[in-house]
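Working through the structure, step by step
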Amino acid sequence: MNAPPRYELYVLEEEECPVEVIEDTKIPNAATIKVVKQDHTLGNLIRAQLLSMPQILFAGYKVPHPLQPYFLIKIQTDGTITPTAILEQACTKLIGTMVTLENKFKREFSLKDAGGAVADDPYGTGAAGGSEWAQGKDYLDF
């Protein structure tokens, strides 16, 4: 099989650096950042966060090969801030967003547990063993 062992996809080696910044010499205020041991999930999150920031002129990422666990993200700013600084800000905002999402998720599940939801109802329909479909309701009747 061509795939590397699973642990090589997420465990850093002894001398391996998780992030490498390569300043672009041809494009002003641009850099290419190599993030190792990560994939499309983090690449797309960072790209989307960068594109929501007004100082960004261009942000894109690519995974050069599916069997190599790293991605390259290209950032170009308007010159008011460096690409590494804006990447740091984007990551900080993403961490804040994830913390907020985690708190909302935990709160909803604690409210569900406090409300006495039926444990035998895995789909949350409110009726254990049955569903609203059997009661003559159409999907448009919600």
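Everything here concerns the structure above.
Worth saying up front: this structure is predicted, and the values here are computed from it rather than measured.

Before going further, it helps to spend a moment on the pattern of salt bridges. On inspection of all chains with the given rule, the structure shows 4 salt bridges. With a shortest N-O distance of 2.4 Å, D24 and K74 are connected by a salt bridge. Of this pair, D24 sits in the loop between β1 (19–23) and β2 (30–36) while K74 is found in strand β4 (residues 70–77), placing the two residues 50 residues apart along the sequence. A relative accessible area of 24% places K74 in the partly exposed class.

A separate point is the pairing of β4. Pairing analysis gives 7 bridges linking β2 to β4, with the strands arranged antiparallel. Among the inter-strand pairings, V36 is bridged to a residue of β4, identified as Y70. Where strand β3 (residues 56–62) lies against β4, 6 bridges are found, and the strand directions are antiparallel. Residue pairing in the sheet places F58 in a bridge with Q76 of β4.

This part is about the environment of L87. Mapped onto the fold, L87 is located in helix α2 (residues 83–114). Each C-alpha atom, one on L87 and one on Q49, is 9.2 Å from the other, the two residues being 38 residues apart in sequence.

The rules behind the values
Residues numbered from 1 in each chain as written. Predicted model: local features only at pLDDT ≥ 70, side-chain atom pairs only at ≥ 80, totals over all residues. Heavy atoms only, no water. Salt bridge = Lys/Arg side-chain N within 4 Å of Asp/Glu carboxyl O. Helix = DSSP H or I, 4+ residues; strand = E, 2+ residues; numbered from the N terminus. Buried < 20%, exposed > 50% of the residue type's maximum accessible area, 1.4 Å probe, protein only. Pairing = 2+ DSSP bridges.

As far as function goes, none of this settles anything; it's purely spatial.
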